[in-house]
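# A closer look at the structure
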Amino acid sequence: MSQPLLIITGPTATGKTRHGVEVARAIGGEIVSADSRQVYRGMDLGTGKDVEEYGDVPYHMIDICPAGYKYNLYKYLRDARASIAEIESRGRRPVVVGGTGLYVESLAKGIVLPEVPENPELRRELEGHSLQELTDMLAAMKTLHNTTDVDTVKRAIRAIEIEKYYAAHPEAADAAHPSGEPQKSVIVLVDIDRDERRNRISRRLQQRLDTGMVDEVQRLLDSGIAPDDLIYYGLEYKYLTLYLIGKLTYREMFTQLETAIHQFAKRQMTWFRGMERRGFTLHRIPYDLSADAFVARVQELLAAADC
């Protein structure tokens, strides 16, 4: 019997990376990131890569494509599964760590997606529509479980493009479902109460601004990446770009970004509770457990799952 896939997830600012590294070091593992923005090179402080925390623990799915590129779920599942297989082939244990619920759940479900090509004609047709108009179009095509698809005009157009492709290619839509048995998994949710989560988010935002996050976004703009392409990534890159191109004052940027990160963390928790309703078991382990206690609890879960 194959060993279960260990996944450590949770909302932003809970110390997932640190805990994941501690667990990986203890069990002979390697980290496979499940963060939709850490794949981009040069986007470091804003995505919370914290690569210094990895030490001697190898990591995968970080810095694999250039900033400005449009990575997606199809590519993530393809690349993450390749990393997982390669790690296992060396007798090591993959440890998936990250808070992008769509990536985590799709891995655990065994989802296999066909690649959806771009449709230039459709994009030209849609580019003049407002975000609300695009959201209404998409809502008429599928149930909107979250707001990720409609964060920006570009995201909404891509979501409509995918839905129209599936409508025209039903065989592709059929393939966009779990393939065979779901991935046997042990899913750990790093648990934190709302007030402490909010405190940690605010402290971390100020720390990242103090250590050069504005300069990071300025460097990306100076490298030739269009402002709209950075805004596409949302959160830090959206609001810092708006500040740097003169659309927001520093105080407006900080206040709006802080609020947006709090809302993002709330949406993450909504996703994880939805996973539980959809039949997944998420083992909640407090974020503030000592390293030894956290590792011991995960090892207990793995031992039970391996039996």
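To be clear, the structure that these remarks concern was listed above.
As a further point, take the sheet that holds strand β6 (residues 93-97). Within the open sheet, the 6 strands sit side by side as β4-β2-β6-β1-β7-β8. Their pairing is parallel. Every other strand in the sheet has two partners, leaving β4 (59-60) and β8 (282-286) as the edge strands with one partner each. Pairing between strand β1 (residues 5-9) and β6: 3 bridges, direction parallel. Within β6, the position partnered with Ile 8 by the bridge is Val 97. Strands in contact with helix α13 (residues 291-306) are β1, β6, β7 (185-191) and β8; relative to β7, the strand with the most contacts, it is inclined by about 155°.

For β7, the buried fraction is high: 5 of the 7 residues fall into the buried class. In this sheet, β7 lies alongside β1 in parallel orientation, the contact comprising 5 bridges. Residue Leu 6 lies in a different strand from β7, and its bridge partner there is Val 186.

At a minimum axis separation of 10 Å, helix α3 (residues 101-109) and helix α12 (residues 250-277) run at an interaxial angle of 20°. One element, α3, and the other, α12, form an angle in the roughly parallel class. Relative to α12, the crossing made by α3 is right-handed. On α12, the residues touching Gly 101, Leu 102, Val 104 and Glu 105 of α3 are Trp 271, Phe 272 and Met 275. By residue class, the composition of the contact of α3 with α12 is 5 nonpolar, 1 polar and 1 charged.

Turning our eyes to something else, we now look at helix α11 (residues 235-244). Counting buried residues in α11 gives 7 out of 10 residues, a clear majority hidden from the surface. Buried residues in α11 make contact with α8 (194-210), α9 (213-222), α10 (227-231) and α12. Just past α11, the residue Gly 246 takes up positive phi, approximately 85°.

Among the nonpolar cores identified, the biggest contains 60 residues, and Val 32, Tyr 71, Tyr 76, Val 96, Leu 209, Leu 230 and Met 275 are the most heavily contacted of them. With 10 residues, the single largest contributor to this core is α12. Contacts of Met 275, omitting those with residues within four sequence positions, involve Val 104, Glu 105, Ile 187, Phe 280 and Leu 282. Grouped together as the second largest cluster of nonpolar side chains are 23 residues, Ile 62, Ile 192, Ile 285 and Val 298 included.

Our next topic: the side chain of Asp 79. Relative to the assigned elements, Asp 79 resides in helix α2 (residues 73-89). Here Arg 78 takes part through its side chain, which lies 2.8 Å from a polar atom of the side chain of Asp 79.

For helix α1 (residues 16-27), which comprises 12 residues, the first-to-last C-alpha distance of 16 Å matches the rise-based estimate of 16 Å (1.5 Å per residue) to within 8%. Residues of α1 that are buried in the fold lie against β1, β2 (29-33), β6, β7 and α13. Immediately downstream of α1, the backbone of Gly 28 shows phi near 70°, a positive value.

A separate point is the pattern of salt bridges. According to the stated counting rule, one finds 22 salt bridges in the structure shown. Across the pair Arg 92 and Glu 30 runs a salt bridge, and its minimum N-O distance is 3.3 Å. Of this pair, Arg 92 sits in the loop between α2 and β6 while Glu 30 sits in strand β2, placing them 62 residues apart in sequence. Assessed through its relative accessible area of 3%, Glu 30 is described here as buried. Between Glu 161 and Arg 158 there is a salt bridge whose closest N-O contact spans 2.6 Å. Taken together, the residues span about one helical turn, with Glu 161 and Arg 158 both in helix α6 (residues 153-168) at a distance of 3 residues. Assigned by exposure class, Glu 161 and Arg 158 land together as buried. One salt-bridge network, in which partners are shared between bridges, spans Glu 30, Glu 86, Arg 90 and Arg 92.

The rules behind the values
- Residues numbered from 1 in each chain as written.
- Predicted model: local features only at pLDDT ≥ 70, side-chain atom pairs only at ≥ 80, totals over all residues.
- Heavy atoms only, no water.
- Pairing = 2+ DSSP bridges.
- Helix = DSSP H or I, 4+ residues; strand = E, 2+ residues; numbered from the N terminus.
- Contact = heavy atoms within 4.5 Å.
- Axes fitted to C-alpha atoms, helices over the stretch in contact; angles between N-to-C directions.
- Buried < 20%, exposed > 50% of the residue type's maximum accessible area, 1.4 Å probe, protein only.
- Parallel < 35°, antiparallel > 145°, perpendicular 65-115°, else oblique.
- Left-handed = near helix turned anticlockwise from the far one by under 90°.
- Nonpolar A, V, L, I, M, F, W, Y, C, P; charged D, E, K, R; others polar.
- Core = buried A, V, L, I, M, F, W, Y, C linked by side-chain atoms within 4.5 Å.
- Polar contact = N/O pair within 3.5 Å; in protein donor to acceptor, adjacent residues only side chain to side chain.
- Expected span 1.5 Å × (residues − 1).
- Salt bridge = Lys/Arg side-chain N within 4 Å of Asp/Glu carboxyl O.

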